[in-house]
Amino acid sequence: MKKAIAVFLCVFIFSALFISCKKDDGKNAYTVYDTLSYNFDSAYAYDDATVRTYKDLCDAVVKGSEEIRINAGVLDNALQLFYTSFPLSVLVEDIKPSGSAYIIRYKNKETLDDDVYKFIESVNNIKGKCNNENKTVYAIKIYSYLSSSVKISENTGISCFETITKGEGTSFSYANTFEYLLQQNGIKAYHILCEDMGGNSKAISAAELDGKLYYFDLFSEYNDNQGKLLKYFGMTTEDAQNFGLHKFIYTNHNTADDASDLKFEPCRICREWEIDGENLLITRSDDKIVQVAL
């Protein structure tokens, strides 16, 4: 009898351990979902109730919830943040009222957990490769990583979610991904819509580093030099115009703020670069080495 009880306990303990490990084996997003920060495009400024509702929506999707009780009075604004700033929103088919709650319907409920986990794992992997306490160094590493490793997609409607999980994108998803990863480290970032010399729509990014606003064009960096340089990093508005871009608009339809700080001007004629501690060493096309304190 004692032997039978001992065998039963062993089986029970083993089963419990197996179940516990299974939750951490990369198949269940709930073990890592709280590593995400629910930030949003810095062009938007909403009250605390709207931001709370936005974060509740994000949290519900990450957890796979199908019903949520939220403040209906601020829902429209919260949904604007949700669809412009939260990459996992592409997994949602619709959100509709049902009595006193809202029902979240997913495009593919069966793969939702795996999709969420894959996204979070990819985000954490990129952040881990680029992690640095100095936020400007982090921004440079994220910019370099994305512009050198994300390939151009033939799918013009590709999302930030797909760019992060599949490693391909367009100017719009390049920009969205860069902004999202900056926001994950508490850096204010903005999505900018503009036009190129041919009148074609394009997206670039803006971000605040040490209190100064700069423009970034990762897509051009990849097209120009496969992401080996920083030619389009930390641009001024005038720089962007010199590269043939114009009509800079935030996603909230306001005219984008001018970027005028010249800290990264040596990058425009960059031949190679490296980070040395908290300094950026830029070798210009004339072979002169310029040191930029970060």
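Everything quoted here is computed from the prediction, not taken from an experiment.

Colleague: Requested: an account of the pattern of salt bridges, with residues and values cited.
Modeller: Tallied over the entire structure, the rule returns 13 salt bridges. Here D59 and K63 are joined by a salt bridge, their closest N and O atoms 3.0 Å apart. Of this pair, D59 and K63 both sit in helix α2 (residues 48-63), four residues apart, which is roughly one turn of the helix. Under the relative-accessibility criterion, K63 is labelled partly exposed at 33%. Of the charged contacts, one joins D287 and R271 as a salt bridge, the two residues approaching to 2.6 Å between their closest N and O atoms. One end of the pair, D287, is in the loop between β11 (279-284) and β12 (289-293); the other, R271, is in strand β10 (residues 270-276), with 16 residues separating them in the sequence. In this structure R271 comes out as partly exposed when scored by relative accessible area, which is 40%. Salt bridges sharing common partners tie together D239, E265 and R268.

Colleague: Describe the sheet that holds β11, and please don't skip the residues or the numbers.
Modeller: Taken together, the three strands give an open sheet; going across it, the order is β10-β11-β12, and neighbouring strands pair in antiparallel fashion. Taken across any chain shown, the strands that pair with only one partner, and hence form the sheet edges, are β10 and β12. If you compare each strand with its neighbour and ignore which way they point, the axes differ by 20 degrees on average. Bridge count between β10 and β11: six bridges; the pairing is antiparallel.

Colleague: Just give me the short version of the side chain of T163, but keep the residues and values in it.
Modeller: Within the fold, T163 resides in helix α6 (residues 160-166). For T163, a relative accessible area of 3% puts it in the buried group. When near neighbours in sequence (up to four residues on either side) are disregarded, T163 contacts V150, I158, E168, G169, S173 and T177.

Colleague: I'd love a proper account of the pairing of strand β7 (residues 201-209), names of residues and values included.
Modeller: Among the nine residues that make up β7, seven are buried, leaving the element largely enclosed by the rest of the structure. In this sheet, β7 lies alongside strand β6 (residues 189-195) in antiparallel orientation, the contact comprising seven bridges. By the bridge assignment for β7, A189 is matched with A207. Following β6, the chain reverses through five residues before pairing antiparallel with β7; G199 in that reversal takes a positive phi of roughly 80 degrees. Examined bridge by bridge, β7 and strand β8 (residues 212-216) share five bridges and lie antiparallel to one another. Looking at β8, one finds that S205 is bridged to F216. Two successive antiparallel strands, β7 and β8, enclose a turn made up of two residues, where D210 displays a positive phi of approximately 55 degrees.

Definitions and cut-offs
Residues numbered from 1 in each chain as written. Predicted model: local features only at pLDDT ≥ 70, side-chain atom pairs only at ≥ 80, totals over all residues. Heavy atoms only, no water. Salt bridge = Lys/Arg side-chain N within 4 Å of Asp/Glu carboxyl O. Helix = DSSP H or I, 4+ residues; strand = E, 2+ residues; numbered from the N terminus. Buried < 20%, exposed > 50% of the residue type's maximum accessible area, 1.4 Å probe, protein only. Pairing = 2+ DSSP bridges. Axes fitted to C-alpha atoms, helices over the stretch in contact; angles between N-to-C directions. Contact = heavy atoms within 4.5 Å.

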